[in-house]
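Close look at the chain arrangement
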2 protein chains.
Amino acid sequence: MADEALFQFLHNEVIQYIYKSAEGGETENGRNITKLENMGFRVGQGLIERFTKDTARFKDELDIMKFICKDFWTCVFKKQIDNLRTNHQGIYVLQDNKFRLLSQLSAGKQYLEHAPKYLAFTCGLVRGSLSNLGVKSIVTAEVSVMPACKFQVMIQKL
Amino acid sequence: MADEALFQFLHNEVIQYIYKSAEGGETENGRNITKLENMGFRVGQGLIERFTKDTARFKDELDIMKFICKDFWTCVFKKQIDNLRTNHQGIYVLQDNKFRLLSQLSAGKQYLEHAPKYLAFTCGLVRGSLSNLGVKSIVTAEVSVMPACKFQVMIQKL
């Protein structure tokens, strides 16, 4: 529980810091999201290296995605992804019904506009992890009712 | 192990980010240290609230310091402080012989100058925790041989 809190508090501080140090309008918001995403990317790269140190080689893309949904998610967010769907053509949708980094926000609709900044780091985290496993992707997130959210992973075929 | 890594990687990213976004000389370095320290302060405030939720009331200052050295340090850094000394007049020296946030740096002397930025967040963490327990303090850190380091806590009498 303490570990979780440490990560959560630091994550919040990072968001606050980035948003405070760059005051501005809509363009700035996009830039901040990118910064958070990039941070997540590098953390994901580092993490996946540790996590997969002793695991068997992955069979295929789906096998990798399952690892992200189960082992990786459990390590980082203390729960598994609730639902994984795919169109078998390179698009995966990971649904988390109680996403940890949103669960401390009030579920009211008025905070929905703030959700993207709490998801950017995690999008990067997934993209960085996949990248170090040799899978190039684009990861986006979407919230309709907090604290549930969906991460969409689009695999970029080489 | 995974949790540790998550915190460590994010902590490193924060340092990199702050140092990259503010390029400059010596004054800037001081300002960056302050930023890291302030982040640590707020994280410490949040953490100590969680950690002490179910603990008994502290007897005195020394009792608080022991809690920081044992429970708090174990939660955050996965080990206890190795040595706690005090002059019984408000100065405490906490020695960690293998400080986790330094242990991934090479122990060579040439990296010693980079040590302060890896300690600033933790100084703030301790100051923030003590602050929320009603103890105002100044916390500084000192490294002679990595990865060992000493945190000096000077209690500010009200």
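Residues numbered from 1 in each chain as written. Chains lettered and ligands numbered in written order. Predicted model: local features only at pLDDT ≥ 70, side-chain atom pairs only at ≥ 80, totals over all residues. Heavy atoms only, no water.

Thoughts on the nonpolar core
One finds L47(B) and L102(B) to be the most contacted residues of the largest nonpolar core, which totals 96 residues. Tallying contributions element by element places helix α1 (residues 2–21) of chain A first for this core, with ten residues. (Core = buried A, V, L, I, M, F, W, Y, C linked by side-chain atoms within 4.5 Å. Buried < 20%, exposed > 50% of the residue type's maximum accessible area, 1.4 Å probe, protein only. Helix = DSSP H or I, 4+ residues; strand = E, 2+ residues; numbered from the N terminus.)

What to know about the interface of chain A and chain B
Between chain A and chain B, the contact holds 27 residues from the first and 27 residues from the second. A buried area of about 2800 Å², summed over both sides, lies between chain A and chain B, and 74% of it is on carbon and sulfur atoms. Counting the surface chain A buries against chain B, the share from its top three residues, L6(A), L10(A) and Y17(A), is 25%. There are two salt bridges connecting chain A and chain B. The salt bridge partner of E13(A) is R42(B), with a shortest N-O separation of 2.8 Å. Where chain A meets chain B, there are four residue pairs in polar contact (both at pLDDT 80 or more). Every element with two or more residues in the side of chain A that touches chain B is listed here: α1, α2 (26–51) and α3 (61–77) of chain A. Counting residues per element, the side of chain A that touches chain B draws most heavily on α1(A), which supplies 14 residues. Looking at side-chain class alone, the side of chain A that touches chain B contains 17 nonpolar, four polar and six charged residues. (Contact = heavy atoms within 4.5 Å. Buried area = accessible area lost by both parts, 1.4 Å probe. Salt bridge = Lys/Arg side-chain N within 4 Å of Asp/Glu carboxyl O. Polar contact = N/O pair within 3.5 Å; in protein donor to acceptor, adjacent residues only side chain to side chain. Nonpolar A, V, L, I, M, F, W, Y, C, P; charged D, E, K, R; others polar.)

Remarks on the relation of the copies chain A and chain B
To go from the first copy of the chain to the second, apply a rotation about an axis and then a shift along the same axis. Mapping chain A onto chain B calls for a screw motion: a turn of 180° about the axis and a shift of 0.0 Å along it, with 0.0 Å RMSD after fitting. Such a combination of rotation and displacement between the chain copies is what one expects of a two-fold axis. Mapped onto chain B, 100% of the interface residues of chain A again fall at the interface, so both copies present the same surface. (Least-squares fit on C-alpha atoms with pLDDT ≥ 70 in both.)

What about the sheet that holds strand β2 (residues 91–96) of chain A?
Residue and element names in this part refer to chain A. The strand order across the open sheet built from four strands is β1-β2-β4-β3, with neighbouring strands paired in antiparallel fashion. A single partner strand is all that each edge strand has here, and the edge strands are β1 (83–86) and β3 (137–142). Each strand of the sheet is rotated relative to its neighbour by a mean of 15°, with strand direction disregarded. In this structure, β1 lies alongside β2, joined through four bridges in antiparallel fashion. Along β2, the bridge assignment pairs R85 with V93. Across the face of the sheet, α3 comes into contact with β1, β2 and β4 (149–155) while running at roughly 15° to β2. (Pairing = 2+ DSSP bridges. Axes fitted to C-alpha atoms, helices over the stretch in contact; angles between N-to-C directions.)

Section: the packing of aromatic side chains
Scanning the model with the defined rule gives 17 aromatic pairs over all chains in all. The interplanar angle of 65° and the centroid separation of 5.5 Å between the aromatic rings of W73(A) and F151(A) together place this pair among those described as edge-to-face. One end of the pair, W73(A), is in helix α3; the other, F151(A), is in strand β4, and 78 residues separate them in sequence. Across the pair, F151(A) and W73(A) agree in class, each one buried. Between the aromatic rings of F51(B) and F72(B), the centroid separation amounts to 5.5 Å while the plane-to-plane angle is 65°, which identifies the pairing as edge-to-face. Taken as a pair, F51(B) in helix α2 (residues 26–51) and F72(B) in helix α3 (residues 61–77) lie far apart in primary sequence, 21 residues in all. Three or more aromatic residues joined by ring pairs form one cluster here, namely W73(A), F77(A), F99(A) and F151(A). Over the aromatic face of Y19(A) sits the side chain of K117(A), whose NZ or CZ is 4.6 Å from the ring centroid. (Phe/Tyr/Trp six-rings, centres within 6.5 Å; stacked < 30°, edge-to-face > 60°. Lys NZ or Arg CZ within 6 Å of the ring centre and 35° of its normal.)

Observations regarding the confidence of the model for chain A
Mean pLDDT for chain A: 89, with 94% of residues reaching 70 or above. Reported for the predicted complex are a pTM of 0.88 and an ipTM of 0.84. (pLDDT = per-residue confidence, 0-100.)

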